[in-house]
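Close look at the chain arrangement
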Amino acid sequence: MEVRPNKRRASCAQQLVSICKPGEIRALVCKQMIGEWLQTNADDKRQRLSLALLIAFHIVICCISLIQLANNDHPVSFHPPTFHLFFDAGRLHVVIPIIAAFSAVAALFVFSGFSFGFFTGFYLYTMVLGYLWLNCFTDLTYDHRLAGISAAVSAITFLVPALFVASPIRQILVLSDKAFDRGLILILLFGGVIVAAGAFYSFRLVALDNIYDYRDKIEFPTILRYLLPLLSSTLLPFAFASFLARRKFFGAGVAVLLLLALYPVTLSKTMLFGPFWLLLVAALARLFETRMAVVLTLTLPLAAGVVLHAVAPAQTASVFSAVNFRMVGIPSVAMDIYNDFFARHELTYFCQINVLRHLVGCPYQEFLGSVMAKAYGIGNFNASLFATEGIASVGPLWAPVATFGCGLIVALGNRLSAGLPASFVMVSAAILVQTILNVQFSTVLLTHGGALMLLLWYITPRNIFEDGKPAGEYPKINRAPASLPRQAES
């Protein structure tokens, strides 16, 4: 059951008082409603407390993970100083108050219901939390106080609309049940065609350690370069979530297999781990309340990595690096790198977006990831909207304004998905949210199909799902029956 804000609870209490008037039938209904309301109130408090404790544990695990990542004495599959990862116990008195202060922002999650914005916002919150920690130890030289304040304020300006704007938009265009089912089949057929076309240009079974020896040599036609990320980030996850929500497991299995088949075509880790990630997210959404499930999707892998690295660092170095470093560490490091670079170089003013680059010109003719790779020698270093639309485009002073605009777009996703089962929204967005954590927002919307996902949510018929609490809605208190005898209303 989702959390009800205090204002809604107060209004419900007023409804109860207005109903409770003399009369036997009215008294019985009133007694039942008060009992249900009190139970709902108690359940809400327990859920809020559980969620708050879980988020607090998550914050602690993130900090421990970052300490382990910076420890160069234990074997990891990367060199921490190369990524400017450091830790100095003598500076704990500086970093602990900063993390404690930013932890208060997590209260926004406790008092909001589940939505696409909740899912996206929690991942970006974790990224900013990691950056604020790294900002206290990095060896890069820029205005760290300004960058830290900007990151924290940017997180707030993003989260406020992303968490609390969720009112539904009236559906003008809605697919029929039959058209929706046919659409899912078309997605699978389309996926099969794209996989086959991609395999024609590149198909190689390679171990993870060797993918970089071959990946840069892969050349796809322009149309495939756009369709492959669209298929993997949006279409196949949407089809998987739709089939799963309607208990059509064969279709869900085909979607997972098609996603897995993209790995030897693209040699992308996302394609290899994507199917397993979808299954994990689906399992957690099934077993836990949706907001708790969102937090667990990050907390469980991070905690497992921390424990394994503490017990057997040599044997689990690759797992620890893949999960704790790649999943959470890299997005936070990217904010550090981008702050350092654009403290000394010209801002982009959004010219990294291809359309604007051709219209107004740009001081950077390559993608920002390639620019960072040449400047820091750490490989193609893409980054989230906080680093690209924020730091790179307008600098730390105006970054909160840019993240607020991105938050409004995510809020539009909340509104377009309102009324759909929360678990369905969570599963269908599972890979898209990971992409938002590592790719500039305009690319997510256009190349990876983020805008298409919003449209698919909007036209999805709400009546086809058997159960599931709608995203963006709060539980409603039962009202008195409309057919009460008129004499009972006196």
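In this report, the structure presented in the accompanying data block is examined. This structure is a prediction, so every number in the text was calculated from the model and none was measured.

About the thresholds
- Residues numbered from 1 in each chain as written.
- Predicted model: local features only at pLDDT ≥ 70, side-chain atom pairs only at ≥ 80, totals over all residues.
- Heavy atoms only, no water.
- Salt bridge = Lys/Arg side-chain N within 4 Å of Asp/Glu carboxyl O.
- Buried < 20%, exposed > 50% of the residue type's maximum accessible area, 1.4 Å probe, protein only.
- Helix = DSSP H or I, 4+ residues; strand = E, 2+ residues; numbered from the N terminus.
- 1 Å grid on protein atoms, 1.4 Å probe; cavity = no way out; pocket = protein on both sides within 12 Å on 5 of 7 lines; lining within 4 Å.
- Points joined across faces, edges and corners; volume = space filled by probe spheres on them.
- Nonpolar A, V, L, I, M, F, W, Y, C, P; charged D, E, K, R; others polar.

Points about the pattern of salt bridges
The full count for this structure, using the stated rule, is 5 salt bridges. Note that lysine 374 and glutamate 366 form a salt bridge whose closest N and O atoms lie 2.9 Å from each other. Judged by relative accessible area, glutamate 366 falls into the partly exposed class, the value being 34%. Three or more residues joined by partner-sharing salt bridges are found here, namely Asp181, Arg246 and Lys248.

Notes on unusual backbone geometry
The phi angle at arginine 247 is positive, at roughly 60°, despite the residue not being glycine. Position of arginine 247 among the secondary structure elements: in the loop between α9 (222–245) and α10 (249–261). Phi at leucine 267 is positive, roughly 55°, even though this residue is not glycine. Of note, leucine 267 is situated in the loop between α11 (263–266) and α12 (269–287). For leucine 267, a relative accessible area of 1% puts it in the buried group.

Some points on empty space enclosed by the protein
Remark: the empty space left among the atoms is shown by a probe the size of a water molecule rolled over them. Scanning the entire structure with this criterion turns up 5 cavities of 30 Å³ or more. In this structure, the largest cavity spans a volume of roughly 70 Å³. Every residue along the wall of the largest cavity is listed here: Phe116, Ile409, Val410, Leu432, Ile436, Phe441, Val444, Leu445, Gly450 and Leu454. Elements represented by at least two residues in the lining of the largest cavity include exactly α17 (386–417), α19 (430–436), α20 (441–446) and α21 (450–459). No other element matches α20, which puts 3 residues into the lining of the largest cavity. Of the residues in the lining of the largest cavity, the class split is 9 nonpolar, 1 polar and no charged. Of the voids in this model, the second largest cavity is the one considered here, and its volume is about 60 Å³. Taken together, Ala147, Ser150, Ala151, Ser154, Met335, Asn339, Phe386, Ile391, Pro396, Ala399 and Thr403 make up the lining of the second largest cavity. If you list the elements that add at least two residues to the lining of the second largest cavity, you get α6 (144–164), α14 (317–342) and α17. Here the lining of the second largest cavity takes 5 residues from α17, the largest share from any one element. Per-class residue counts for the lining of the second largest cavity are 7 nonpolar, 4 polar and no charged.

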